[in-house]
Amino acid sequence: QVQLVESGGGLVQAGGSLRLSCAASGRTFSIYAMGWFRRAPGKEREFVATINWSSGATVYADSVKGRFTISRDSAKNTVYLQMNSLKPEDTAVYYCARKPTTYAGFGSWGQGTQVTVSS
């Protein structure tokens, strides 16, 4: 089992920045990739970004490309999401999740952290 705890959310004005953290504990050796997802009020959960745990290769949703940066600190078993140039439409609960193998889906969801961007 892997436990994930997100932190770093808050209220920020449009154009501002926030840095989210997700700390993993437990069976952290079984991580192929980590991802960030978000759910806005009244909408489905959507993919934001993912990072390959060993290579550091990243993939982003088009809506955040060029504004958000995902990174990881393997020694701390922590994944980060640096969010710049925030927009009101980025308002959502942000979740991190683990992909244990290349063929598995994302799971082990954290509890989420609220990000609110005011206009």
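Look above for the structure.
What comes next is a walk through the structure. Numbers given to residues run from 1 along each chain, matching the order in which its sequence is written. Since the coordinates come from a predicted model, pLDDT governs what is reported: local features require at least 70, and pairs of side-chain atoms require 80 or more to be given and counted, while whole-chain, interface and lining totals use all residues. The basis for the side-chain values is all heavy atoms of the structure; hydrogens and waters are excluded.

Time to look at the state of the cysteines. The rule for a disulfide is simple: a pair of cysteine sulfur atoms within 2.5 Å. Under the defined criterion, the tally for this structure stands at one disulfide. The disulfide bridge from Cys-22 ends at Cys-96, spanning 1.9 Å between sulfur atoms. Taking the sign of the S-S torsion, about 55° here, the bridge from Cys-22 to Cys-96 comes out right-handed. Pair noted here: Cys-22 is in strand β3 (residues 18–26) and Cys-96 is in strand β9 (residues 92–99), with a separation of 74 residues, a long-range link. The burial state of Cys-22 is the same as that of Cys-96; both residues are buried. The secondary structure listing takes helices from DSSP runs of H or I that are at least 4 residues long and strands from runs of E that are at least 2 residues long, numbered from the N terminus. Relative accessible area decides the class of each residue, using a 1.4 Å probe on protein chains only: under 20% of the type maximum gives buried, over 50% gives exposed, and in between gives partly exposed.

What follows concerns the packing of aromatic side chains. Two rings belonging to Phe, Tyr or Trp (six-membered ring only in the last case) form a pair when the distance between their centres is within 6.5 Å. Interplanar angles under 30 degrees mark stacking, angles over 60 mark edge-to-face geometry, and anything in between is tilted. Following the criterion strictly, the structure yields three aromatic pairs and no others. When the centroid spacing of 5.8 Å and the interplanar angle of 75° are considered together, the rings of Phe-37 and Phe-47 count as edge-to-face. In this pair, Phe-37 sits in strand β4 (residues 33–39) while Phe-47 sits in strand β5 (residues 45–52), placing the two residues 10 residues apart along the sequence. With a centroid separation of 4.9 Å and an interplanar angle of 70°, the aromatic rings of Phe-37 and Trp-109 are classed as edge-to-face. Placement of Phe-37 in strand β4 and of Trp-109 in the loop between β9 and β10 (113–118) is noted, with a sequence separation of 72 residues between them. For Phe-37, a relative accessible area of 10% puts it in the buried group. Linked through ring pairs, Phe-37, Phe-47, Phe-106 and Trp-109 together constitute an aromatic cluster. The side chain of Arg-19 reaches across the aromatic face of Tyr-80, ending 3.9 Å from its centre. We count a charge as sitting over a ring when the NZ of a lysine or the CZ of an arginine lies within 6 Å of the ring centre and within 35 degrees of the ring normal. For Arg-45, the ring lying beneath its charged end belongs to Trp-109, and the centroid distance is 3.7 Å.

What follows deals with the nonpolar core. The biggest cluster of nonpolar side chains holds 29 residues, and the ones touching the most others in it are Trp-36, Leu-81, Met-83 and Tyr-94. Those elements that place two or more of their residues in this core are β1 (2–7), β3, β4, β5, β7 (68–73), β8 (78–83), β9 and β10. Ranked by residues supplied to this core, first place goes to β3 with four residues. Those residues in contact with Tyr-94, other than ones at most four positions away along the chain, are Glu-6, Leu-20, Trp-36, Phe-37, Arg-38, Val-48, Phe-68, Leu-81, Met-83, Gly-112, Thr-113 and Val-115. The criterion is simple. A nonpolar core is a set of buried Ala, Val, Leu, Ile, Met, Phe, Trp, Tyr and Cys residues joined through side-chain atoms within 4.5 Å. Only heavy atoms enter the contact rule, under which two residues are in contact if any of them lie within 4.5 Å.

Below, the discussion takes up the sheet that holds β5. Pairing is mixed across the open sheet formed by six strands, whose spatial order is β2-β10-β9-β4-β5-β6. The sheet terminates laterally at β2 (10–13) and β6 (58–60), the two strands that pair on one side only. Strand-to-strand twist in this sheet, taken as the mean axis angle between neighbours without regard to direction, amounts to 25°. Two strands pair under a simple rule: DSSP has to find at least two bridges between them. Bridging between β4 and β9 involves seven bridges; their strand directions are antiparallel. Interaxial angle, 0 to 180 degrees, is taken between N-to-C directions of lines fitted to C-alpha atoms, where a helix line uses only the stretch in contact.

Taken in spatial order, the four strands make up an open sheet running β1-β3-β8-β7, and their pairing is antiparallel. Looking at strand neighbours, the two that pair on one side only are β1 and β7, the edges of this open sheet. Each strand of the sheet is rotated relative to its neighbour by a mean of 15°, with strand direction disregarded. Here six bridges tie β1 to β3, and the two strands are oriented antiparallel to one another. Residue Val-2 lies in a different strand from β3, and its bridge partner there is Gly-26.

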